[in-house]
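Observations on chain architecture
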Amino acid sequence: GHQLFTGENVEEVMESRKRFFEMPTHRRAVLKSANLPADLLKILQKLLELEPEDRFRNLAELDKELYKLPIFGSKDIELVHESYMRCVAKNREFIKSFYQRFFENNKEKAYEARFENGVANNRTHKKLRVMILQLIDMENEAAPTDISRIAGYKGHHGLTIEDYAIFLNTLKQEIEATDFLWGKDPAIAEAWEKVIAKALERL
């Protein structure tokens, strides 16, 4: 959130740049002040090497290192988040497709009458997107999300934990049908199982 090289004029900015590259202790102090994780700091230091040959050779090499960084603090949450984002990118009507599956597979439960009479409108889409993001963060014990709020949504009064399990497992089925990496990486299915189990536990 700050300029790397500072000064009141061009000369001072150039002097700041010179100090950054020629004084390793000063460079480490500047980067440390950003209060970033150690693994990310290593990447930044390599990006900011004075000599080009000491930096990453190309963006693919950089991307490989960035991919290793934990985003949510949990590999399972990361896998679930990436899986969901792939689905949304592949199918812009993902939410609509989910609700079609949810209502079709559970006609005996009469969920249509509870959830907007079976019409997945923009408001319904927004609520489900919020719910999915909350779900993704459930495995994180430090998550600020209050999962109990979900029970207060319109149509949720009187639902049992079995209903929530059906809902979440239907979501997983839609993800499985849409995520092109699902069958290629068993860890994705395992991650969804864990995150859904944690969400049901907290519900």
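Read on for an overview of the structure. (Residues numbered from 1 in each chain as written. Predicted model: local features only at pLDDT ≥ 70, side-chain atom pairs only at ≥ 80, totals over all residues. Heavy atoms only, no water.)

**Examining the overall build of the chain**
- In terms of regular secondary structure, the chain is built from ten helices and zero strands.
- Counted from the first residue to the last, the chain has its helices and strands arranged as α-α-α-α-α-α-α-α-α-α.
- The 203 residues of the chain split such that 36% are buried.
- At a minimum sequence separation of 6, the contacts of the chain that also span at least 24 residues come to 60%.
- Of the roughly 12,900 Å² that the chain leaves accessible, carbon and sulfur atoms contribute 53%. (Helix = DSSP H or I, 4+ residues; strand = E, 2+ residues; numbered from the N terminus. Buried < 20%, exposed > 50% of the residue type's maximum accessible area, 1.4 Å probe, protein only. Contact = heavy atoms within 4.5 Å. Areas by Shrake-Rupley, 256 points an atom, 1.4 Å probe, with all protein chains shown as cover.)

**Quick word on the environment of N122**
- Along the chain, the position of N122 falls in helix α8 (residues 122-136).
- Between the alpha carbons of N122 and I95 there is a distance of 9.7 Å; along the sequence they are 27 residues apart.

**Comments concerning the packing of helix α9 (residues 161-178) against helix α10 (residues 186-202)**
- Closest axis-to-axis distance for the α9/α10 pair is 10 Å, and the angle between their directions is 160 degrees. It follows that α9 is roughly antiparallel to α10 by the angle criterion. Classified by chirality, the crossing of α10 by α9 is right-handed. Every residue of α10 that contacts α9 at I161, Y164, A165, L168, N169, L171, K172 and I175 is listed here: W192, E193, I196, A199 and L200.
- Here the residues of the contact of α9 with α10 are counted per class, giving ten nonpolar, one polar and two charged. (Axes fitted to C-alpha atoms, helices over the stretch in contact; angles between N-to-C directions. Parallel < 35°, antiparallel > 145°, perpendicular 65-115°, else oblique. Left-handed = near helix turned anticlockwise from the far one by under 90°. Nonpolar A, V, L, I, M, F, W, Y, C, P; charged D, E, K, R; others polar.)

**Observations regarding the packing of aromatic side chains**
- Taken as a whole, this structure holds twelve aromatic pairs when the rule is applied.
- Judged by centre distance (5.1 Å) and plane angle (65 degrees), the rings of F98 and Y99 are edge-to-face.
- For F98, a relative accessible area of 0% translates into the label buried.
- Residue Y99 is classed as buried on the basis of its relative accessible area, which comes to 6%.
- Ring geometry for F102 and Y111: centres 4.6 Å apart, planes at 15 degrees, overall stacked.
- Under the relative-accessibility criterion, F102 is labelled buried at 1%.
- Residue Y111 is classed as buried on the basis of its relative accessible area, which comes to 2%.
- Through pairs of rings, three or more aromatic residues link up here, namely F98, Y99, F102, F103, Y111 and F167.
- In this structure, K46 packs its charged tip against the face of F56, placed 4.8 Å from the ring centre. (Phe/Tyr/Trp six-rings, centres within 6.5 Å; stacked < 30°, edge-to-face > 60°. Lys NZ or Arg CZ within 6 Å of the ring centre and 35° of its normal.)

**Observations concerning the nonpolar core**
- By size, the foremost hydrophobic cluster in this structure holds 30 residues, and its most contacted members are F102 and W192.
- The set of elements that each furnish at least two residues to this core consists of α5 (75-90), α6 (94-105), α8, α9 and α10.
- With near-sequence residues (within four places) excluded, W192 lies in contact with V80, S83, Y84, L135, L171, K172, I175 and W182. (Core = buried A, V, L, I, M, F, W, Y, C linked by side-chain atoms within 4.5 Å.)

**A closer look at helix α2 (residues 24-32)**
- Three or more residues of α2 are buried, namely H26, R27 and L31. On an axial view of α2, the arc spanned by its buried residues comes to 130 degrees, and they lie on one face. In α2, the exposed positions angled more than 90 degrees off the buried face are occupied by T25 and K32.
- Buried positions along α2 lie against α1 (10-22) and α3 (38-47). (Arc of directions from axis to C-beta.)

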